[in-house]
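Understanding the architecture of this molecule
Spelled out, the chains give:
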Amino acid sequence: MTEAQTRRGFLYRAAVGTATLGAAALTNSGCSGNKPPTPRRPNILFILADDWSFPHAGAYGDAAVKTPAFDRIAREGALFTHSFCASPSCTPSRTSILSGRPIYKAGEAGVLYGTFPKDLSLFTHALEDSGYCVGHTAKGWLPGNPTAGGMTRPPIGKPFQDRKHQEPVRVGIDERDYAANFNDFLAARPQNAPFFFWLGSTEPHRIYAKGAGIANGKKLTDAKVPAYWPDVEEIRSDILDYYMEIEWFDQQVARTLDILERSGELENTLVVMTSDNGLPFPRAKVNLYDAGVRMPLAIRWPGRVAPGRTVHDFVSHTDFAATFLEAAGLPTQLPGSTGQSLLPILTSAKSGTVEAHRDFVVTALERHTICRPDGGTYPMRALRTRDYLYIRNFEPERWPTGGPDFVSSNKTFHGDVDACPTKDFFLEPATKETHTREYELCFGKRPAEEFYHVPSDPDQVRNLVHADTAAAELSRHRDRLEAILKGDGDPRIEGKDPWKDYIYYQTTGYGASFNLSLSEEERNQAAGRGSHKPE
Ligand SMILES: [Ca+2]
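About the criteria used
Residues numbered from 1 in each chain as written. Predicted model: local features only at pLDDT ≥ 70, side-chain atom pairs only at ≥ 80, totals over all residues. Pairing = 2+ DSSP bridges. Helix = DSSP H or I, 4+ residues; strand = E, 2+ residues; numbered from the N terminus. Contact = placed C-beta atoms within 7 Å. Axes fitted to C-alpha atoms, helices over the stretch in contact; angles between N-to-C directions. Domains from an automatic or database assignment. Nonpolar A, V, L, I, M, F, W, Y, C, P; charged D, E, K, R; others polar. Parallel < 35°, antiparallel > 145°, perpendicular 65-115°, else oblique. Left-handed = near helix turned anticlockwise from the far one by under 90°. Buried ≥ 20, exposed ≤ 12 C-beta atoms within 10 Å, placed from the backbone.

Reading across the sheet, the eight strands line up as β6-β5-β7-β3-β8-β9-β4-β10 and stay open at both edges, with mixed pairing between neighbours. In this open sheet, the two strands that pair with only one neighbour each are β6 (158-159) and β10 (309-316). Pairing of strand β5 (residues 133-138) with strand β7 (residues 195-200), which is carried by six bridges, proceeds in the parallel orientation. By the bridge assignment for β7, Thr137 is matched with Leu199. Seen against the sheet, helix α5 (residues 178-188) touches β5 and β7 and runs at an angle of roughly 160° to β5.

This part covers the domain arrangement of the protein chain. Taken domain by domain, the protein chain consists of domain 1 (51-355), domain 2 (363-500) and domain 3 (505-535). Computed over C-alpha atoms, the centres of domain 1 and domain 3 are 29 Å apart. Facing the 10 residues of domain 1 at the interface are five residues of domain 3. A breakdown of the residues in the side of domain 1 that touches domain 3 according to their chemical character gives five nonpolar, four polar and one charged.

Following both chains from N to C, one finds helix α2 (residues 68-75) and helix α7 (residues 233-262) inclined at 55°, their axes separated by 7 Å at the closest point. Classified by the interaxial angle, the pair formed by α2 and α7 is oblique. Two secondary-structure elements touch here, α2 through Pro68, Ala69 and Phe70 and α7 through Asp250, Val253, Ala254 and Leu257.

In a pair of packed helices, the angle between the axes and the distance between the axes together describe the arrangement. Where α5 contacts α7, the two axes come as close as 8 Å, and the packing angle between them is 25°. Of the possible angle classes, the one that applies to α5 and α7 is roughly parallel. Read as a crossing pair, α5 and α7 show a hand that is right-handed. For the pair α5 and α7, the contacting residues are Tyr178, Ala179, Phe182 and Asn183 in the first and Gln252, Arg255, Thr256 and Ile259 in the second. Grouping the constituent residues of the contact of α5 with α7 by class yields four nonpolar, three polar and one charged.

All right, on to the sheet that holds strand β11 (residues 360-365) then. Read across the sheet, four strands follow the order β11-β12-β13-β14 without closing on themselves; strand pairing throughout is antiparallel. Each having just a single partner strand, β11 and β14 (449-453) make up the two edges of the open sheet. Shown here is a sheet whose adjacent strand axes are inclined to one another by a mean of 10°, direction ignored. As paired elements, strand β13 (residues 388-393) and β14 share five bridges and run antiparallel to each other. Paired with Tyr390 across the bridge in β14 is Phe451.

Here we take up α2. Listed in full, the buried residues belonging to α2 are Ala69, Phe70, Arg72, Ile73 and Ala74. Where α2 is buried, its residues contact β4 (78-84), α7, β8 (269-275) and β9 (294-300).

Bringing the environment of Gly444 into the picture now. Structurally, Gly444 can be placed in the loop between α13 (436-443) and β14. Sequence separation between Gly444 and Gly402 is 42 residues; the distance between their C-alpha atoms is 10.0 Å.

Quick look at the structure:
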């Protein structure tokens, strides 16, 4: 925090005086003398996993993965069953969280390895301007180049990255000690300034320690295998390794909550725990099926959020920006944002369906890796309602995964599927013959439209586009999605494609050979390198 920022914060707090700003607790301002208690604005702790899907948490009834910290937040606050990220890829999802916009309204910030348009409004900046101390640890807005597009201000305040775990960590686990870094942030902030802190775990993103689940006592029978993967030992073991990383992440959250509690701030902190996109497996991450976009979400805010509630409303990660701004007593609509504050849901006493109009979400994808000729993306938009999932694939002649003939920026074929034991199994020559249906679902091309009845087909594998019985609902969903996209000004629905020309700002490994902001010599050098660590 700079001196100027600190001073801005002080001036703001002085200006708001005793105005009621919605904070739960009343505390002394910290000044000496006989000043009356001043309403305090809440702190916000935003905990974001990397590649963690619904319903892989104890609070959702998944007995195979232990998540006591998430379960505590849910038990002492609200648990959401229909929370969706805006896009199933790291950077675009994080952009939508920060800006409150769908990715197709966020320009070059709407793709992996993109950059921020200069004038994109972020809630973190609005909080900072109003006196909040803003910081983050581990993965912030990444991967990408935050400044190439002209935005000079850090997207999520000051980084706190110095603390590392004292003991060696398992392969694939981040060496950074998130909780200890949060403790440093708390110690460094100006006294009595409200804070916003982003804990950006890099778990359960790959890579995983292969066999860690089995080695730590998990059983192959614990793994739940959806209908689109072969039910084989290799894949079950890979699922258990994913569970191990979720558990590690949850343990770091528990430590972080302890630190917050010891600091005396827990009761005045709005705590949000969720994920940026779905699990890193075929037909999950980088897909608009539930496995790619339906997210765990629990929110705790004592005094404002009644404990023990489960909410079935459809909420989008584009709603967080307005939520945090309203909690801080600020105007809720960032320019260009579409999200709506969750506070009416959070402060309601109701469970189940709270706001009946929240009965859908829209999700979208353009670019994950560079895995097609000429920077071609795999453009998709989807409308998810209570009973149906409608997906529009705008370029069905392209391979959704990048296909078997193009060496992607990750230096693999099918580059939009992260390298992993499950992918290895799929790409063994025999699998295409022995598990043809699963192979086609995960690695084949797709029709221009997909339509699934979720209650009878939760894994979303039976496309009803040609089913007479679904025709009326299909038509309704198709029209509704098109109207929303047109209303939002999505270039894709107008037949435009700015995304193929957005620079891919990767600077490490083989993938940098696709970075057109580098010189030809630098790109040629990168072409001789191996794969970078996936982000
Ligand atoms: Ca991610």
